[in-house]
Each structure stands twice: as C-alpha cells, then as structure tokens.
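Structural overview for review
One-letter residues, chain by chain:
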Amino acid sequence: MPEISVKNLYKIFGDSPERALKLLEKGQSKEDIYETTGMTVGVQDASFEVEKGEIFVVMGLSGSGKSTLVRTLNRLIEPTAGEVIIDGQDILKMGKTELVKFRRSKTSMVFQSFALMPHLSVLQNVAFGLELDGIEKAVRTERAIDALKQVGLDGWENALPSELSGGMQQRVGLARGLAVDPDILLMDEAFSALDPLIRTEMQDELLKLQDRQERTIVFISHDLDEALRIGDRIAIMEGGRVVQVGSPEEILQNPADDYVRAFFRGVDPTGVISAGDIVRHNQPTVIWHTPQGSPRATLELLNNRDREYAYVLDSEHRFFGVVSTDSLRTLLESPPHDAKKKIEDAFIKEALVVKETEVLQDILPQVASHKWPIPVIDENSVFKGVVSKNRFLKTLYRSDNNSNM
Amino acid sequence: MFDFEEKLIPLDDWISSFIDWLVEGYRWFFQGIKWPVEVTLSWLENGLLAIPPLLIIAVMAFIAWRTSGIRLSIFTVAALVFIGLLGFWEDTMITLAMVFSSVVFCTIVGIPLGIYSGKNDKFESFMRPILDGMQTTPAFVYLVPIVMLFSIGNVAGVLATIVFALPPIVRLTALGIRQVHPELVEAALAFGATSNQVLFKVQIPLALPTIMAGLNQTIMMALSMVVIAALIGAGGLGAPVVLGLNTLDIGLATIGGLSIVLIAIVLDRITQSLGSKSN
C-alpha cells in the first residue's frame, strides 16, 4: 500500500472555487478561467502515489503549483476537491483536533525560508514540535539533542538562529523536522535558498539520513540536478498539473511531452542513466568447472555462434572472467599440447567489471578503451549482462534526440 | 436654503438630548463601567501614598537600574527627590496612580482588541475610524459628556485618559501581530499547533517589542492628559498647573509642568528599554 495517495486533487484560489471547478470540468483552460473570473487554479487534477520510504521529488518551475500541492498534503492549504489518503486515512475528512494530531504525529515540514522562531534558541526550535505536543521537558530536550546530533550540530544548542549561517539554519530546520520522528517529511524547496556547495552537502546529508532511517520524503524542487540527485521518483508539474511521474531514467528516456523534454534539455544523460538501465544479456556465457566450460568447448561454442567473447561465471552466476576466441586459441596452441588447459589462463587480464548502479559517465572509459562488451554485475557480483559500445552510443543518440526535438 | 444664513440641522440639540437620554436611562451601565476603575484607582492611590517616599524612590531606582542602567537610575533618584523638594510628592503619587490605572485598563482592553484586529481585516477596518476619532477628537469635547455620565473627580479623569490613551496600544499590537512572518505561523501549524498555541507561542512573543512600544506610547499619552483631566476636577500634578493658569501664577504652573515632564522622562526611558530588551 502506498504511504501517500493523491487522487484528482484540485485547489482553486478565489471567492467561488465551485464555479471555477465547473468551468474546468467543461474543459475551460486555467488561463480562460483567470481572465473571466479572476480565480487562479493552483492544482489541477493531480493524482499520484508515494511509496513508503522513497524520496519523491515534485519538480516544476515557479508558479507550477508544486508548493501549493505539498501544502495540501498536511492541509496548510485546504484543497478544493479530491482525496489525499495517507496511511489509509482521508485527511481531507479530518476534523480540527484530528488534523492537529495528524500533523503532530505523522508529518513534519522543512521550509525554504527555514522558518525558525527567532525568539527561541536552537534547542527550543528543534524541540518546538514536541513542545506543541505537550511532551515533558526532559524527554523533548533529549530528543532534540539527538536530532541535532543527527544533522551534525551538537554543541550549538544554546545559540540563536540569527547567529548561524544559512546552511546551519537549515540543518536546524531539518533537525526540527526529524525530532518529532515523523513518517513523512515534507520538504518545500528546502535547499533552494542555500548556495550551491552547501546545497550539495545538504543533499548528501539527507541521503545519509535516509540510509540510516527510511522515511517517506516529499521533496519540492525547481532544480533538476537536485531532483535527479536525490529523487527515487520524480513528478513533473506544469501549470498546476502533474504531467509525468517516474524514475529519473524513465522520464529521461521517455519524456511524456515537450514540456518535460524541454525541462530535461541540457541534462547530461550519462549522469542519470546507469549501466543497469541499458544492460543486455545477449552474450554467450559458460559455467566454470563444467565440461561446457572447458577451453576447447568454449572455443567451439564461440565459433558456432560466430561470437568473439564469452563470459565465464560460476554456478551461482557470479562473474569470473572474459575469454576471447584469440585468447582461447593462444592457450590451446601453447605447449605442452597434451596437458589439460584451464580456462582461467585464457582470461583477458584487462577485463574489469562495472556495477549496475554506476552511471554511464563512470563506465565510459571502460567502454571506450576495450573491444569487448563490458560485463555488468550487481551488488552480489552476479552477472547481469553486458554494455557494448554500440548499445552505449545508441542510448546517447536516443536521449539526445529526445531532448532536441 | 443654500444661503447658509441659519442653522437647519440642529445636530447639537440632538446630541444634547441623546446624552440626556443616556444619563437618564443608562446610569446603571455607566456606573458599572466606573466601578472597576474606581476600585483600581483608589487601591493604587492609597497604596502609593501609604508607602514611605524613600522606599518608592528606591524601588523606582532599582527598576530603572535593572531595565536601563545606572544612569537612568541616578536620574530617577534625582528627579523624584527634586519633585519631593518642590512639595509635589503627594500630587505625583496621585498622578502615577491615575496614569497606572488608565494604562492597566488600556492594556486589558487594548491588547485583545489589537490581537483581534491584527488577525481580522474586517475588524481592523471597523476599528480604524473609531481609533482615529478617539485620538483626534479634542479632549474638551468629550469632557462634558464624561462629567455628565461619571461626575467630576479622579475617576472621570482616568476615564477621559483611557479614551485618549487606548489607540496606540491597539494599533501597535495589531501591527505587531501582522508583522509576524506568515511562514512562522505556517511552520507552527505544520507542526500541529492549535490556534491558541500559534497565538501564545509564536505571534505574541514575536509581537512583544511592538506591543511594548504601544505600551510606551499609551503611557506617554496618559501623562499628556494629566492637565486636561485636572480641568474636570482630577487631582495630581495637573491641578497646580490648572490653578496656576487660572490665577496667572506662572511659577506654580511651571513647576507643576516641570514635574510632569520629569515623570514622563523616567517612565518613557524605563518602558523603552523594556521594549528593546524583549526584542
């Protein structure tokens, strides 16, 4: 079951949203409605699901409705129509006290402008959510100190927010969000106000935190690099609509429309697409220490199939080496002729593997400098297939075409 | 008709009969308003007069020292001793009692009004002309109805002072609440604050410096009413000024006025540093 499920969500700003909603149903555009009624459509028919434990990035230009959308998830902004189901509960049907309880226990939020209370110390700021919940002072102090440790700000408890740099202030904002131990963390352009170096540092920090403790994170951003860097999945918004949802690779390789394509123009696909995305299992493999895996049988196999390289695996399909027709022939023709030859003596020494998570950028040197298709393994060394020069170039050609159309 | 040679709208007669009607029919209501003011005032007045002057000087000096510093503390001692030597100690205590009781009521009424108009645009645009009227109507205009409704004396003086001194604290409280960054309110709500928690944990603490500036202004306005209140029989430092004015006794009027100025400076400095401390 997804953690958050949003169905046909609308938000219209103005004095009679119901009327605007009817006009939308009749097929009028957002612009027409603004011209005739003066009402603004903030979010239009948004539907998506966020899985437990993933970082879900909502991306769009300013005015695309992404900040409005994230605020409907905890009802800081009251949606006009639709459903927001979180953990099986429709939060739009909650009463006041239920909503307060929901906000205290389920979600927390990190803001672009940090939104720290200037009259409270760092520690009091971090403990703010716990204080609202009426948690006893000793407990909340302990939890706040722990949250500050998680973001690397221990020792700053008694400082005032105004004494900290922007990056440190946002760490406090993050710690405040973590201190209440929420299931869902809403981050509204959380790192956009920081300078690029600090921003990258904070993104790493967030990923590190996510490694330790998986939370569902909805991250709003207008920065594509950021979205690609931290997002497990990305939703792209335009003019209040969610135009595409998918993993970075999916969106990059199959953009839904010109808008999305334009968005990704200038993105270097080699930094996004990983070896695992383009791996093919179309090369001959042989199993080590079996009759079929002997040097002579392997050479025969290659000759029959008219292939040049074979990949040697063990019985668990872990990768061991690459042999070529040349290396096999050299081995078989070397003296002594009657001795039993081992296939490992025919392994090409320079043949290295790449991991399936490595992006094209990282494997490019390997692909470019060797004649054989590069073997790809997963984290357990299991052979997943190969990436050939041909395949590599075709992928680049296609994404390049996508982004230039 | 439009040569404007005679009065055609007898508004003055209407107002007169309206006030007469109020006095006749709603005396109980105005007595009800008067009662808490009367109690507070007499309590403060008796209290201040019962405490030995040296103790009061010591306490004031201490407050001045804690809020501002040693310089204001020395000035306070000098000013109070000087006023005492002028023979105005009792008048000063009466004036302080009147100023404090009007400020107490201005605060009790003004801060909630200010908070509400800070949160509600409609209420603020309703309050604005009323506050403008309270501040700009010449005090002499409402002295007569106040005397008719509450008779003369210190209590009537305090009520006239409240009318005049209330607007700044309402306005500045509203301003302070409005100046709180909407993101901070949003952040508090996002972490599950109820509207009361937003008010007491975010809005009021952050508006406090502005509210304190309003309190300072209210105290100053209250002091500036001392002489006018004396016109309707209120005692205190205004009385010698009015007496001096009526008898052309320049010396008496001047030392009365000088004492008011000294008290004003002390109260102003103390409340100002309170304001900047809460900042």
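Just above sits the structure.
Residues numbered from 1 in each chain as written. Chains lettered and ligands numbered in written order. Predicted model: local features only at pLDDT ≥ 70, side-chain atom pairs only at ≥ 80, totals over all residues. Heavy atoms only, no water.

Here's the deal with the sheet that holds strand β10 (residues 241–246) of chain A
All names here are of chain A. As summarised here, the arrangement of the 6 strands in space is β6-β7-β8-β3-β9-β10, forming an open sheet in which the pairing is mixed. Strand pairing shows two members of the sheet lacking a second neighbour, β6 (107–110) and β10, which therefore form its edges. For this sheet, the mean angle separating the axes of adjacent strands, direction not counted, is 20°. The pairing of β6 with strand β7 (residues 184–188) spans 4 bridges and is classified as parallel. Paired with Thr 107 across the strands is Ile 184, a residue of β7. In the packing of helix α3 (residues 66–73) onto the sheet, the strands contacted are β3 (55–59), β6, β7, β8 (216–221) and β9 (233–238), and the crossing angle to β8 comes to about 155°. (Pairing = 2+ DSSP bridges. Helix = DSSP H or I, 4+ residues; strand = E, 2+ residues; numbered from the N terminus. Axes fitted to C-alpha atoms, helices over the stretch in contact; angles between N-to-C directions. Contact = heavy atoms within 4.5 Å.)

Points about the pattern of salt bridges
Residue and element names in this part refer to chain A. Applying the stated criterion across every chain yields a total of 26 salt bridges over all chains. The salt bridge partner of Arg 71 is Asp 188, with a shortest N-O separation of 2.8 Å. Of the two residues, Arg 71 is situated in helix α3 and Asp 188 in strand β7; the sequence distance between them amounts to 117 residues. The pair Arg 71 / Asp 188 is uniform in exposure class, with both members buried. The partner of Arg 318 in a salt bridge is Asp 314, with the nearest N and O atoms 3.2 Å apart. (Salt bridge = Lys/Arg side-chain N within 4 Å of Asp/Glu carboxyl O. Buried < 20%, exposed > 50% of the residue type's maximum accessible area, 1.4 Å probe, protein only.)

Observations concerning the interface of chain B and chain A
At the interface, 16 residues of chain B touch 23 residues of chain A. The contact between chain B and chain A buries some 1700 Å² in all, and 68% of this surface belongs to carbon and sulfur atoms. Across the contact surface, chain B and chain A share 2 salt bridges. One salt bridge connects Glu131(A) with Lys201(B), and the closest N-O pair in it is separated by 2.8 Å. Counting across the chain B and chain A interface gives 7 residue pairs in polar contact (both at pLDDT 80 or more). Class assignment of the residues belonging to the side of chain B that touches chain A gives a composition of 10 nonpolar, 3 polar and 3 charged. (Buried area = accessible area lost by both parts, 1.4 Å probe. Polar contact = N/O pair within 3.5 Å; in protein donor to acceptor, adjacent residues only side chain to side chain. Nonpolar A, V, L, I, M, F, W, Y, C, P; charged D, E, K, R; others polar.)

A short note on the nonpolar core
Among the nonpolar cores identified, the biggest contains 114 residues, and Val126(A), Leu174(A), Met187(A), Phe219(A), Ile236(A) and Phe264(A) are the most heavily contacted of them. Taken domain by domain, this core gets at least three of its residues from each of domain 1 (4–106 + 182–267) and domain 2 (277–397) of chain A. When sequence neighbours within four positions are dropped, the list of residues in contact with Met187(A) reads Val110(A), Leu174(A), Leu206(A), Ile217(A), Val218(A), Phe219(A) and Ile220(A). Counting 68 residues, the second largest nonpolar core, distinct from the first, contains Ile19(B), Ile83(B), Ala222(B) and Ile270(B). (Core = buried A, V, L, I, M, F, W, Y, C linked by side-chain atoms within 4.5 Å. Domains from an automatic or database assignment.)

Some thoughts on the side chain of Gln283(A)
Here Gln283(A) is to be found in the loop between α13 (275–278) and β11 (285–287). Contact partners of Gln283(A), with chain neighbours within four places excluded, come to Arg307(A), Tyr309(A), Tyr311(A), Pro373(A) and Val386(A).

Re unusual backbone geometry
All names here are of chain A. If you check the backbone angles, Asp 181 has positive phi at about 50° while not being a glycine. Looking at the secondary structure, you find Asp 181 in the loop between α8 (166–179) and β7. Asp 181 sits in the partly exposed class, given a relative accessible area of 42%. At Ser 381, a residue that is not glycine, the phi angle is positive and equals roughly 65°. Tracing the backbone through its elements, the reader meets Ser 381 in the loop between β15 (374–377) and β16 (383–387). You can call Ser 381 partly exposed: its relative accessible area is 32%.

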